[in-house]
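Observations on the three-dimensional arrangement
One-letter residues, chain by chain:
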Amino acid sequence: MSRVETTMMWAEKYRPMALDELVDQEEVRERLRMMLEHPDEMPHLLFAGPPGTGKTTVALIIARTLLGDYWRDYTLELNASDERGIDIVRERIKAFTRYVDMRSGIPFKIVILDEADEMTGDAQTALRRIMEESSRIARFILTANFSSNIIEPIQSRCAVFRFVRLGEKDVAGFMKRICDEEGCEYEEEALYLIYELSSGDMRRAINQLQATAVLGKVTVENVRNVFGVGKRSLVKDMVHAALKEEFNKARGTLLELIRVYGLSEKDIMKFIFEDVMAYKNLDHVEAARLLAEYDYRLSRGSNPEIQLAALLAELGALSRK
Amino acid sequence: MWTEKYRPKEVGYMVGNEDVRARFYSWLKHWVPGSKPALLLGPPGTGKTTLVHAAAEELGYDVMELNASDYRTKTVLERRLRPAMGGLTVFGSKILVFLDEVDGLYGRADYGGAEYVLKLISSITVPLVMAANREDVGHMPGMERASLVMKFKRIPSRLMELYLRYILKSEGRALDREVILNIVKYASGDMRAAINGLQAIIYGGGFEGGYRDVRMTLRDAVTEAASNGLADEAYAILRTVDAQPQEKIRAVYATLTMGTQRMDPAKFARSMRLLSEADILYSRIIKTRNWKLLRYLDRILAASLAGTHAVYSEYDTPYNISSRIWNEGKVLRKTAKVMSKAFHVSRKEFMTYYFDTFVLFSAKNGGLILRLGQLTGESDKSIRKVLNEEHKRLLGGNNR
């Protein structure tokens, strides 16, 4: 995809290109600014924080700042949730960090490893060695939602930066700027509603803003409509069916979500929680216990689809009580 | 134990680490008093111990081995090694001293052991080989400096697969390639783990011994177990089936979800909960490579099926959804692969948080569709069709 094509998505078009453009994250910005003045001294970095707070954005800014026009040639960007296993570490990362084949002026190569907390333990252990061995050639920037899922030895080899959840004023302010640039009308209240519905995740908020804008003016009503369609609403349908003891229908939707659309099972779990808790006539304590159990099982099991299908069956039994 | 039965007796029959094997063999062959000792470093199951024994055998050495299971304080080491200092055993053959797991040689239990080994290195008059399960012996740098360090790498998957096939052939057994590859994958270059895994799979579920001469097909066993109200009897049926654990889990999943009608919700939920637990157990077995845990799997699966009166189903997906998975799913997966890179997110995240918005304006964008066609290798006709349908679904408010 060329730049022109990717900028059709506002989340990409308005992705900050410099530290100054970054929303909030004062502390991170200050520390990084100092660090970037002495690139040779830069250690490996670990960015931890909730989704949509700017971790990947900052990683890309660093790559651009330090590697200049050729940053794409010397940056390896991998998403660990796509390729979680040890093979990716052994093959791609090792190959990329093996040779010093850089033009002058390039201090080192950069490996951006997004969602590193999704990596298996084995893969992290393998990564740890590579980080040491290749420190002359490459710097690693890892991003993670929870730094606690990163093994201790890797954490200790990184400078850790904590990204904080963005406040509603910041996110709404950024959305206003986008609306002004794009010339689309908005109700202020609608922007706050988007913030709320996207749980403070800037990326999610901007995508919702754009979807709403495609349909017309950004009003509270339109925002609600947009959130009421699409994959998110499929989850809602699924939860309804499950609670009405229509297991087959519910599982049919689950299969669509996972196998046709390839949604993240963890996010499906999150959405199920939101929808179940919004459901009246249900013992919410029992429901929460059940969801907590299956959320845990989801992270332990080998087949997420089986886990979620079992949850749907249990929701059916729960609504009966 | 297959790991012992199939431990190569000759250096030439080993797999992987060719260069290290050659170096070690040559070191031992040309060893003279005063030669440096050899220090073998590398992950478990890569052939360190095997190499020492095989090379010693070929070159006429007796191995005097001390590993972490022995106490290795200074006093013990001295006493055990004293006879070796003469250089010959009572039978007149040559001696090689092998200190395995030297990385475990520190702390209180082996008091003075590490220092003694360092002294030994400079004074020993027979070949000395040390081995450690790590990539360096950081806590005793003196040992690395004083030795000839040989680093072992993990065994490449391809070689491992060949070796497992050789074992299967020798045993007159066969396994699906997929299963073999799975074992290889989870062994992560550790040959010992792979062979143990292979043996456990071959005898999987059969840990309780005995012959399994009553063979039922998975289909018959699952249906019969489901029609039997007693979990014990369902278990007796299920355990006779010769199938891989994943196959069994998959079959129970398909059968419960596709082959039941109007079951009591509480009862059905219980069955699904047990299936979920079977899946977790299997995941734990794979992660920890603790194949012994397989003995519980059939019990749990049997309890999940018992009394459900479900009819065996080979497929776990209704036809209408299968066809969507094949047709649209393929286009969507490829689109996600391409677009997620462009937006710096994972494929799943693209589908979860970007896709709906993406559809809203890409469905009508001819240029973008053409470009997507080039990047995904799908025809732009099929891409347009899929995006249009999605577009309709979104604007139609999802009322299907």
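All values reported here derive from a predicted model rather than from experimental measurement.

Each value, and the rule that gives it
- Residues numbered from 1 in each chain as written.
- Chains lettered and ligands numbered in written order.
- Predicted model: local features only at pLDDT ≥ 70, side-chain atom pairs only at ≥ 80, totals over all residues.
- Heavy atoms only, no water.
- Pairing = 2+ DSSP bridges.
- Helix = DSSP H or I, 4+ residues; strand = E, 2+ residues; numbered from the N terminus.
- Axes fitted to C-alpha atoms, helices over the stretch in contact; angles between N-to-C directions.
- Contact = heavy atoms within 4.5 Å.
- Domains from an automatic or database assignment.
- Buried < 20%, exposed > 50% of the residue type's maximum accessible area, 1.4 Å probe, protein only.
- Right-handed = clockwise from strand over helix to strand, strands pointing away.
- Salt bridge = Lys/Arg side-chain N within 4 Å of Asp/Glu carboxyl O.
- 1 Å grid on protein atoms, 1.4 Å probe; cavity = no way out; pocket = protein on both sides within 12 Å on 5 of 7 lines; lining within 4 Å.
- Points joined across faces, edges and corners; volume = space filled by probe spheres on them.
- Nonpolar A, V, L, I, M, F, W, Y, C, P; charged D, E, K, R; others polar.
- Buried area = accessible area lost by both parts, 1.4 Å probe.
- Parallel < 35°, antiparallel > 145°, perpendicular 65-115°, else oblique.
- Left-handed = near helix turned anticlockwise from the far one by under 90°.
- Disulfide = S-S within 2.5 Å.
- Patch = residues over 30% accessible without salt bridge, like charges linked within 9 Å, V, L, I, M, F, W, Y side chains within 5 Å.
- Areas by Shrake-Rupley, 256 points an atom, 1.4 Å probe, with all protein chains shown as cover.
- Lys, Arg positive; Asp, Glu negative; His and termini not counted.
- Charge placed at Lys NZ, Arg CZ, Asp CG, Glu CD.

Things to note about the sheet that holds strand E3 (residues 109-114) of chain A
Residues and elements named next belong to chain A.
- As summarised here, the arrangement of the 5 strands in space is E2-E3-E4-E1-E5, forming an open sheet in which the pairing is parallel. Of all strands in the sheet, those bounded by a partner on one side alone are strand E2 (75-79) and strand E5 (158-162). Each adjacent strand pair in this sheet contributes to an overall mean axis angle of 15°, direction not counted.
- Looking at chain direction, strand E1 (residues 44-48) and strand E4 (residues 138-144) are connected through 4 bridges and run parallel. Looking at E4, one finds that Leu45 is bridged to Ile141.
- Strands E1 and E5 of the sheet are contacted by helix H3 (residues 26-37), whose axis makes an angle of about 150° with E5.

Details of the domain arrangement of chain B
- With domains assigned, chain B is organised as domain 1 (2-151), domain 2 (158-202), domain 3 (218-305) and domain 4 (320-395).
- On a C-alpha basis, the centres of domain 3 of chain B and domain 4 of chain B stand 37 Å from each other.

Considering the side chain of His344 of chain B
- When you line up the elements, His344 of chain B lands in the loop between helix H15 (319-342) and helix H16 (347-362).
- With near-sequence residues (within four places) excluded, His344 of chain B lies in contact with Glu12, Arg15, Thr56, Leu60, Glu77 and Asp114 of chain A.

Here we look at the sheet that holds strand E1 (residues 38-41) of chain B
Residue and element names in this part refer to chain B.
- The strand order across the open sheet built from 5 strands is E2-E3-E4-E1-E5, with neighbouring strands paired in parallel fashion. On the outer flanks of this sheet lie strand E2 (61-66) and strand E5 (148-151), each paired with one strand and no other. Sheet twist, expressed as the mean angle between neighbouring strand axes with direction ignored, is 25°.
- Judged from the 4 bridges that link them, E1 and E5 form a sheet pairing that is parallel. By the bridge assignment for E5, Leu39 is matched with Val149.
- Across the sheet, helix H2 (residues 18-29) touches E1, E2, strand E3 (94-99), strand E4 (128-132) and E5, and the angle it forms with E5 is around 150°.
- Together, E1, E2, E3 and E4 form the strand contacts of helix H3 (residues 48-58), whose direction differs from that of E2 by roughly 150°.

Notes on the pairing of E4 of chain A
Residues and elements named next belong to chain A.
- The element E4 is extensively covered by neighbouring structure, given that 7 of its 7 residues are classed as buried.
- Burial along E4 is two-sided: Ala138, Phe140, Leu142 and Ala144 facing one way and Arg139, Ile141 and Thr143 facing the other are all buried.
- In this view, the connection linking E3 to its parallel neighbour E4 by way of helix H6 (residues 121-133) has right-handed handedness.

Examining the pattern of salt bridges
- Following the criterion strictly, the structure yields 42 salt bridges over all chains and no others.
- Close ionic contact of Glu286 of chain A with Arg289 of chain A constitutes a salt bridge, the shortest N to O distance being 3.0 Å. Within this pair, Glu286 of chain A and its partner Arg289 of chain A are both found in helix H15 (residues 284-300), separated by 3 residues, close to a single helical turn.
- Taken together, the salt bridges that share partners define one network made up of Lys231 and Glu256 of chain A together with Arg324, Glu328, Asp356, Glu390 and Arg393 of chain B.

Observations regarding empty space enclosed by the protein
- Taken as a whole and assessed by the stated rule, the structure comprises 2 cavities of 30 Å³ or more.
- Here the largest cavity is characterised by a volume of approximately 220 Å³.
- Forming the walls of the largest cavity are 18 residues, and the residues nearest its centre are Gln208, Val226, Val229 and Arg232 of chain A together with Asp356 of chain B.
- Looking at the lining of the largest cavity, the elements with two or more residues in it are helix H10 (202-215), helix H11 (220-227) and helix H12 (231-243) of chain A together with H16 and helix H18 (380-395) of chain B.
- Of the residues forming the lining of the largest cavity, the biggest block, 5 residues, is contributed by H16 of chain B.
- The residue inventory of the lining of the largest cavity, partitioned by class, reads 10 nonpolar, 4 polar and 4 charged.
- Quantified by volume, the second largest cavity comes out at close to 50 Å³.
- If you go around the second largest cavity, the residues you meet are Val179, Asn182, Ile183, Tyr186, Ile201, Gln244, Gln246, Tyr282, Ile286 and Trp291 of chain B.
- Looking at the lining of the second largest cavity, the elements with two or more residues in it are helix H8 (177-187) and helix H13 (265-288) of chain B.

Some words on the interface of chain A and chain B
- Tallying the contact residues gives 69 residues for chain A and 67 residues for chain B.
- Between chain A and chain B, roughly 5900 Å² of surface is buried when both sides are summed, and carbon and sulfur atoms account for 54% of that area.
- The tally of links between chain A and chain B comes to 9 salt bridges.
- Residue Lys231 of chain A is joined to Glu390 of chain B by a salt bridge in which the shortest nitrogen-to-oxygen separation is 3.3 Å.
- Looking at the side of chain A that touches chain B element by element, the count peaks at 10 residues for helix H16 (residues 304-320) of chain A.
- When its residues are assigned to classes, the side of chain A that touches chain B shows 23 nonpolar, 18 polar and 28 charged.

Points about the packing of H16 of chain A against H13 of chain B
- Orientation of H16 of chain A relative to H13 of chain B, taken along the N-to-C sense of each, is 155°, at an axis distance of 8 Å. When the axes of H16 of chain A and H13 of chain B are compared, the pair comes out roughly antiparallel. Between H16 of chain A and H13 of chain B lies a crossing whose hand is left-handed. Side by side, H16 of chain A and H13 of chain B meet where Ile306, Gln307, Ala309, Ala310, Ala313, Glu314, Gly316, Ala317 and Arg320 of chain A of the first sit next to Pro265, Ala266, Phe268, Ala269, Met272, Arg273, Leu275, Ser276, Asp279 and Ile280 of chain B of the second.
- Classifying every residue of the contact of H16 of chain A with H13 of chain B gives 12 nonpolar, 3 polar and 4 charged.

Re the state of the cysteines
Residues and elements named next belong to chain A.
- A complete count under the given rule lists 0 disulfides over all chains for this structure.
- Left without a disulfide partner, Cys184 is nearest to the cysteine sulfur of Cys179, which lies 3.6 Å away.
- Classification of Cys184 as buried rests on a relative accessible area of 17%.

Examining the environment of Val102 of chain B
- Summarising the element assignment, Val102 of chain B is placed in the loop between E3 and helix H5 (113-123).
- Along the sequence, Val102 of chain B and Tyr116 of chain B sit 14 residues apart, while their C-alpha atoms lie 12 Å from each other.

Here's the deal with a negative patch on the surface
- Taken together, the side chains of Glu10, Glu57, Glu58 and Asp62 of chain B present a region of like negative charge at the surface.
- Its place among the elements puts Asp62 of chain B in strand E2.

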